[in-house]
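Architecture and fold: a report
Here is how the chains run, residue by residue.
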Amino acid sequence: MRSPKDFFRPLAVGAPEPLHEIPFRPSRMLHFFPPNNDKMRAKVPSLVGTVDVLVANLEDGVPMADKEAARAGLIEVATTVDFGTTQLWTRVNSLDSPWCLDDLQAAVLEAGHAVDVIILPKVEGPEDIHYADRLIAQLEARAGLDRPILLHAILETARGVANVEEICLASPRMQGLSLGPADLAANRRMKTTRVGGGHPDYLVRSDPDPDNPEAPRQHFQQDLWHYTIARMVDACVTAGILPYYGPFGDIRDLTACGDQFRNAYLLGCVGAWSLHPDQIAVAKEVFSPSAAEVAHARRVIEAMGDGTGAIMLDGKMEDDASVKQCQVVVRLAEQLAASDPELAALYSTGA
Ligand code: GLV
Ligand code: MG
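One structure accompanies this document, and this report is about it. (Residues numbered from 1 in each chain as written. Chains lettered and ligands numbered in written order. Predicted model: local features only at pLDDT ≥ 70, side-chain atom pairs only at ≥ 80, totals over all residues. Heavy atoms only, no water.)

1. Observations regarding the packing of helix α11 (residues 291-303) against helix α12 (residues 320-337)
Two measures define how a pair of helices packs: the angle their axes make with one another and the distance between the axes. Applied cut-off: Orientation is described by axes fitted as lines to C-alpha atoms, over the contacting stretch for helices, and by angles from 0 to 180 degrees between their N-to-C directions. Helical segments are the DSSP runs of H or I of at least four residues, strand segments are the runs of E of at least two, and each set is numbered from the N terminus. Any angle from 65 to 115 degrees is called roughly perpendicular, while one under 35 is roughly parallel, one over 145 is roughly antiparallel, and all others are oblique. Handedness of a crossing follows from how the near helix is turned relative to the far one, being left-handed for an anticlockwise turn of less than a right angle and right-handed for a clockwise one. Between two residues, a contact is recorded if the distance between any of their heavy atoms is within 4.5 Å. Polar here means any residue outside two lists: the nonpolar Ala, Val, Leu, Ile, Met, Phe, Trp, Tyr, Cys and Pro, and the charged Asp, Glu, Lys and Arg; Gly therefore counts as polar.
Here α11 crosses α12 at 130°, and the two axes come no closer than 9 Å. Put simply, α11 runs oblique to α12. Here α11 runs over α12; the crossing is left-handed. Of the residues in α12, those in contact with Glu293, Val294, Ala297, Arg298, Val300 and Ile301 of α11 are Val323, Cys326, Gln327, Val329, Val330 and Ala333. Taken together, the residues that form the contact of α11 with α12 break down as 9 nonpolar, 1 polar and 2 charged.

Dropping the structure here:
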């Protein structure tokens, strides 16, 4: 049993008060970099302002021998780089790894003044969030932080998906969830052998033509991730937190990357990971409403007056519910335009 009143009390004496709402900050691309790599670390200042979120990755992708160097790299960027309006997040190693405890200590005690969000991978259930929540509160108190560091979980095990609602609701520290298609595929024993995106063998095919059974039949590739993304979106919205698509590993295929990101955007996600500079522009384009979308949404809102009833516009029925959808698009456009003069100009001219 837990009183709802306790939910917003700090979990350690001296820790900052939990937030009641997750504030909107643009996070269209979570751009990953390996902080152990000197060349990549040196590029961080030049990425500030060009991406919404920089993620110092301490987990998968960093070799075992470099885990300490990655941690040191995180501390170095956190203490030397001015991040301006770009957020700094870090992905720590999973709770069952030998590195997680040191990662969390470094992220909060030594980099906590600059770190906005800690990404916790391979989260299986609310117990993982409760553990990290309390530990981070203790560390925040020791570091004397005056605002809470938020938590973002990656959905990358079948048990995590089965417990997704409880994970989202486990703490007011929860900021959002990312789909982790690579680990999730492995854990589910899917046969995909790739990092995210579709698979050419995942199809539906039309019936054979009875008069010509040998004729080629139409077939369409399906989205392997539809169920999981939709479930993740519902869980996040229920908890008032934000859903994200994760990695798309085929760096050269920017078209399919854009398609995967767009499916996630249409289903309700607010951003995706970028693993290479070329994916930054793709995420920015996909997760910012287009000028045409915004112009159409404004036109419907305007035509609907007080927002109730039903009208015909260009042969289509619009009513209270379509106005609400249009308001989602306009609100997102305004929130993004508030910190992006280019978007502000685009949306004001409707070009
Ligand atoms: C991301 O970490 C994934 O496993 O897809
Ligand atoms: Mg993973």
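Now that the structure has been shown, the text picks up again.
2. Quick look at the state of the cysteines
Put simply, the rule reads: The disulfide criterion used throughout: a pair of cysteine sulfur atoms within 2.5 Å. Type-normalised accessible area, obtained with a 1.4 Å probe on protein chains alone, sets the label of each residue: buried when under 20%, exposed when over 50%, and partly exposed for intermediate values.
Following the criterion strictly, the structure yields 0 disulfides and no others. Here Cys257 is not disulfide-linked; the sulfur of Cys269 is the nearest cysteine sulfur, at 13 Å. What makes Cys257 buried here is its relative accessible area of 0%. Counting only cysteine sulfurs, Cys236 is the nearest neighbor of Cys269, a cysteine outside any disulfide, at a range of 7.8 Å.

3. Topic: the coordination of the magnesium ion (ligand 2)
Note the following rule: Think of the donor list as every N, O and S atom within 2.8 Å of the metal, or within 3.2 Å for Na, K and Ca; water never makes the list, so a site can look incomplete.
Protein-derived coordination of the magnesium ion (ligand 2) comes from Glu156 (OE) and Asp183 (OD), at a distance range of 2.1 to 2.2 Å. On the criterion of sequence distance, the pair formed by Glu156 in the loop between β5 (150-155) and α5 (158-162) and Asp183 in helix α7 (residues 181-188) is long-range, its members being 27 residues apart.

4. Here's the deal with the site of ligand 1
Put simply, the rule is: Working definition: residue near molecule or strand if any one of its non-hydrogen atoms lies within 4 Å of it. Polar contacts, as counted here, are pairs of nitrogen or oxygen atoms within 3.5 Å of one another; within protein the pair requires one atom able to donate a hydrogen and one able to accept it, and residues that are adjacent in sequence qualify only if both atoms are side-chain atoms.
Contacts to ligand 1 come from Arg91, Glu156, Gly180, Pro181, Ala182, Asp183, Pro247 and Trp273. Between Glu156 and ligand 1, the recorded distance is 2.9 Å, taken from a side-chain N or O atom to an oxygen atom. Here an oxygen atom of ligand 1 and a backbone polar atom of Asp183 are 2.8 Å apart. Of the residues forming the shell around ligand 1, the biggest block, 3 residues, is contributed by α7. A breakdown of the residues in the shell around ligand 1 according to their chemical character gives 4 nonpolar, 1 polar and 3 charged.

5. As for the pairing of strand β6 (residues 174-179)
Counted only if it meets this: One bridge is not enough; two strands pair if DSSP finds at least two bridges between them.
Taking burial as the measure, the 6 residues of β6 include 6 buried ones, the bulk of the element. Across 5 bridges, the pairing between β5 and β6 is parallel. Its bridge partner being in β6, Leu151 is matched across the sheet by Met174.

6. Overview of the pattern of salt bridges
Note the threshold: Only one rule defines a salt bridge in this text: a Lys or Arg side-chain nitrogen within 4 Å of an Asp or Glu carboxyl oxygen.
Within the structure shown, the criterion is met by 19 salt bridges. For Arg28, the salt bridge goes to Asp52, with nearest N and O atoms at 2.8 Å. Of this pair, Arg28 sits in the segment before β1 (29-33) while Asp52 sits in the loop between α1 (38-47) and β2 (53-57), placing them 24 residues apart in sequence. When the shortest N-O distance is used, the salt bridge between Arg173 and Asp133 registers 2.7 Å. Here Asp133 lies in helix α4 (residues 126-143) and Arg173 lies in the loop between α6 (164-168) and β6, a separation of 40 residues in the sequence. Using a relative accessible area of 8% as the deciding quantity, one classes Arg173 as buried. Its relative accessible area of 6% is what places Asp133 among the buried residues.

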